[in-house]
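Listed below, chain by chain, are the residues.
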Amino acid sequence: MSKQLPVVGGHPTGFGATSRPDNWWVGPAATFLGLLTFLAYAHWAAFQGEHYYAHSYLSPFYSPVLWTDLAAAGSAPVEHAWLGIWPEWWPSFLPKSPALLILVFPAGFRFTCYYYRKAYYRSFAGSPPGCSVGPMAPSGKTYHGEGRLLLFQNLHRYFMYAALLYIPILFYDAFLAFYNGGNWGVGVGCFVLLLNASLLSCYTLGCHSFRHLIGGRSDCMTPCGKATTQFKLWKMSTWFNGRHMAFAWVSLFWVGFTDLYVRLVSMGVIHDYNTW
Amino acid sequence: MAERTFRIWRGDSEGGDFVEYKSEVGEGQVVLDVLHTIQAHQANDLALRWNCKAGKCGSCSMEINGKPKLACMTRMNMYEPGETITCQPLKAFPVVRDLVPDVSWNYKQNKRIAPFKCKPADADGKHRMYQEDIDRVQEFRKCIECFMCQDVCHVLRDRDRKDAFAGPRYMIRVAGLEMNPLDDEDRIPELKHELGVAMCNITRCCTEVCPEHINITDNGIIPMKERVVDRFYDPLLIAFRALTGRRKRTKLRTVESTKE
């Protein structure tokens, strides 16, 4: 390839350099703070290992519960744990938190999500921090995009498969929330859990990989001119996909809020209004 | 009428600088109108490219206050009354003169893409395609080749990786061909190995600047990335194809249908 002529035109160069007079940094800064706040809270909550169960409410950070440590305050009852009580062979230096056993899949789903990739490439990696704004380390041939070290992003669809399994589990948790000690009733927490499962569904169904695998991979979704189920599903996913960023943020906030709500009810800090 | 200040970059491939002009701006005028006024009364030698003045030819793309925009579609009342308007040529391409860049590199990328190859006709000799499938491809045909998406792409603009990435305009060109139900060419290997789809880190600036509102990232580049994953990175699909002898694209289907 022939060598390009030198770039001239009065364009500033360097990290963050731009001719834009507007506050382009507000978006990436808000994204940075929003994601950092969630990450800090989620890590703290996941390592607690207690106060994740109250009444019949189970925090989504801890669902599904594989093993439960009955000695921990606010832990799930043993009938809620898929594999029973926490095994004795568990190394003492590792925290006994059910969240740490299951969070890798939803966390991996979010981390490799096409929307979040945009969000953290811009706000954390400055690559670039804004449109027509100078990126970090702009020159040279060291930039390889999503090749080489970032090839693992291509596994997004496998995290999506796992995330799809969580949806019926979370809806089942919301269903169980209406039964406290075997008695049917309604509490604020029931709706918090139900909305959480619904928002996570909206986010997952708009996933780009889901949209591709459900129909986008095909060039001909309407053989004979008739809309197939595949085409209808693709259209449905396309609708969610158009709102993927909105659902990504709303569901992220709500899943954190749901954990906080259950935690505060379990700790007795707030009262859950209910019919029980 | 109100007087507005314009900072216009004047120069050529050897260098140049900003020159300030003041011009009267009338109601309803766009940036291109004011540039023409400046050209007519103050700088007869100002070089700028334009043609349709209707946002459909893509000729007058330039950077206005740091953002790639079509000068003919950028209304002056978008800016505050006292705001200075800065006009620069597109950064990603070499400057010919003043606001005119040399965009010929883009046309070379286009030539690298395998053209449309039609599938064999149906048994009655006709080719059929249906509106629902075409709608998806039609979006990419709206492209007016203003090259603002190429300009704002940091891979081309700041990282100088024109050797590795053809740019978002040509990602959607490939997408438009690959998704065409009557096309029978296989461009997935060249998309990965030659056109460099992996260089895109989907920060969506191309989509944000597109004057035709083409959803370049969500509808073009990401579906192409997913097809590359199908072919090269999904271990289950690779194993499935190895076991069944099926290929992802249509080349074999053509052979099979020809046999029939």
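Brief notes about the packing of helix 7 (residues 208–216) of chain A against helix 9 (residues 216–233) of chain B
Next up, step 1: Between helix 7 of chain A and helix 9 of chain B, the shortest axis-to-axis distance is 10 Å and the interhelical angle comes to 75 degrees. The angle between helix 7 of chain A and helix 9 of chain B places the two elements in the roughly perpendicular class. Only Asp 218, Asn 219, Ile 222, Pro 223, Glu 226, Arg 227 and Asp 230 of chain B of helix 9 of chain B make contact with helix 7 of chain A, whose side of the interface consists of His 208, Ser 209, Arg 211, His 212, Leu 213 and Gly 216 of chain A.
Next up, step 2: Along the lines of polarity and charge, the residues of the contact of helix 7 of chain A with helix 9 of chain B split into three nonpolar, five polar and five charged.

Digging into the domain arrangement of chain B
Residues and elements named next belong to chain B.
Next up, step 1: The domain boundaries assigned to chain B delineate domain 1 (2–101) and domain 2 (104–258).
Next up, step 2: Inter-centroid distance (C-alpha atoms) of domain 1 to domain 2 is 33 Å.
Next up, step 3: Facing 13 residues of domain 1, the contacting portion of domain 2 comprises 17 residues.
Next up, step 4: For the domain 1 face of the interface with domain 2, the top three residues by lost area are Pro 68, Ala 92 and Phe 93, together amounting to 44%.
Next up, step 5: Viewed at the interface, domain 2 and domain 1 are joined by three salt bridges.
Next up, step 6: A salt bridge links Asp 158 to Lys 91; its shortest N-O distance comes to 2.9 Å.
Next up, step 7: If you look at where domain 1 meets domain 2, you find seven residue pairs in polar contact (both at pLDDT 80 or more).
Next up, step 8: If you list the elements that add at least two residues to the side of domain 1 that touches domain 2, you get strand 3 (61–64) and strand 4 (67–70).
Next up, step 9: Take the side of domain 1 that touches domain 2: its biggest share by element is three residues, from strand 4.

Side note on the pairing of strand 5 (residues 85–88) of chain B
All names here are of chain B.
Next up, step 1: In strand 5, alternate side chains face the same way, and those of Ile 85 and Cys 87 on one face and Thr 86 and Gln 88 on the other are all buried.
Next up, step 2: Where strand 3 meets strand 5, two bridges bridge the pair, whose relative direction is antiparallel. Following the sheet pairing, Glu 63 is matched in strand 5 by Gln 88.

Here we look at the packing of aromatic side chains
Next up, step 1: This model, assessed by the stated rule, comprises 30 aromatic pairs over all chains.
Next up, step 2: A network of ring pairs unites the aromatic residues Phe 38, Tyr 41, Trp 44 and Phe 61 of chain A as a single cluster.
Next up, step 3: Sitting over the face of the ring of Tyr 114 of chain A, Arg 117 of chain A holds its NZ or CZ atom 4.2 Å from the ring centroid.
Next up, step 4: Over the aromatic face of Phe 18 of chain B sits the side chain of Arg 7 of chain B, whose NZ or CZ is 4.0 Å from the ring centroid.

Quick notes on the side chain of Ser 59 of chain A
Next up, step 1: For Ser 59 of chain A, the position within the fold is in the loop between strand 2 (57–58) and helix 2 (99–102).
Next up, step 2: There is a polar contact of 2.5 Å between the side chain of Ser 59 of chain A and the side chain of Asp 259 of chain A.

What about the layout of surface pockets?
All names here are of chain A.
Next up, step 1: Of the volumes computed, that of the second largest pocket is approximately 800 Å³.
Next up, step 2: What lines the second largest pocket is a set of 31 residues, among which Phe 38, Leu 103, Pro 106, Ala 107 and Arg 110 lie closest to the centre.
Next up, step 3: At the level of elements, helix 1 (26–48), helix 3 (104–111), helix 4 (114–123), helix 5 (156–177), helix 6 (188–205) and helix 9 (244–267) are the ones that each hand at least two residues to the lining of the second largest pocket.
Next up, step 4: Along the lines of polarity and charge, the residues of the lining of the second largest pocket split into 26 nonpolar, four polar and one charged.

As for unusual backbone geometry
Next up, step 1: Of the consecutive residues Ser 63 of chain A and Pro 64 of chain A, the connecting peptide bond is found in the cis state with omega at 0 degrees.
Next up, step 2: Tracing the sequence through the fold places Pro 64 of chain A in the loop between strand 2 and helix 2.
Next up, step 3: Here the amide bond leading from Ser 127 of chain A into Pro 128 of chain A is cis, since omega sits at -5 degrees, within 30 degrees of zero.
Next up, step 4: Among the structural elements, Pro 128 of chain A can be located in the loop between helix 4 and helix 5.
Next up, step 5: With phi around 50 degrees, Arg 148 of chain A is a residue other than glycine that occupies positive phi space.
Next up, step 6: Its location among the elements puts Arg 148 of chain A in the loop between helix 4 and helix 5.
Next up, step 7: The class of Arg 148 of chain A is exposed, set by a relative accessible area of 63%.
Next up, step 8: Positive phi, normally seen in glycine, also occurs at Phe 147 of chain B, with a value near 65 degrees.
Next up, step 9: Considering the arrangement of structural elements, one finds Phe 147 of chain B in the loop between helix 3 (131–138) and helix 4 (148–152).
Next up, step 10: Under the relative-accessibility criterion, Phe 147 of chain B is labelled buried at 3%.

Observations regarding the interface of chain B and chain A
Next up, step 1: Taken together, the contact between chain B and chain A spans 61 residues of the former and 61 residues of the latter.
Next up, step 2: The contact between chain B and chain A buries some 5,200 Å² in all, and 53% of this surface belongs to carbon and sulfur atoms.
Next up, step 3: Seen at the junction of chain B and chain A, the total is seven salt bridges.
Next up, step 4: In this structure, Lys 225 of chain B engages Glu 146 of chain A in a salt bridge whose closest nitrogen and oxygen atoms are separated by 2.8 Å.

Some thoughts on the confidence of the model for chain B
All names here are of chain B.
Next up, step 1: Residues of chain B with pLDDT of at least 70 account for 94%, and the chain-wide mean is 93.
Next up, step 2: Every residue in residues 250–260 scores below 50 in pLDDT, and together they form 14 contacts with partners more than four places removed in sequence or on other chains.
Next up, step 3: At the level of chain-chain contacts, confidence expressed as ipTM amounts to 0.92, with global pTM at 0.92.

Here is what the cut-offs are and how they apply
Residues numbered from 1 in each chain as written. Chains lettered and ligands numbered in written order. Predicted model: local features only at pLDDT ≥ 70, side-chain atom pairs only at ≥ 80, totals over all residues. Heavy atoms only, no water. Axes fitted to C-alpha atoms, helices over the stretch in contact; angles between N-to-C directions. Helix = DSSP H or I, 4+ residues; strand = E, 2+ residues; numbered from the N terminus. Parallel < 35°, antiparallel > 145°, perpendicular 65-115°, else oblique. Contact = heavy atoms within 4.5 Å. Nonpolar A, V, L, I, M, F, W, Y, C, P; charged D, E, K, R; others polar. Domains from an automatic or database assignment. Buried area = accessible area lost by both parts, 1.4 Å probe. Salt bridge = Lys/Arg side-chain N within 4 Å of Asp/Glu carboxyl O. Polar contact = N/O pair within 3.5 Å; in protein donor to acceptor, adjacent residues only side chain to side chain. Buried < 20%, exposed > 50% of the residue type's maximum accessible area, 1.4 Å probe, protein only. Pairing = 2+ DSSP bridges. Phe/Tyr/Trp six-rings, centres within 6.5 Å; stacked < 30°, edge-to-face > 60°. Lys NZ or Arg CZ within 6 Å of the ring centre and 35° of its normal. 1 Å grid on protein atoms, 1.4 Å probe; cavity = no way out; pocket = protein on both sides within 12 Å on 5 of 7 lines; lining within 4 Å. Points joined across faces, edges and corners; volume = space filled by probe spheres on them. pLDDT = per-residue confidence, 0-100.

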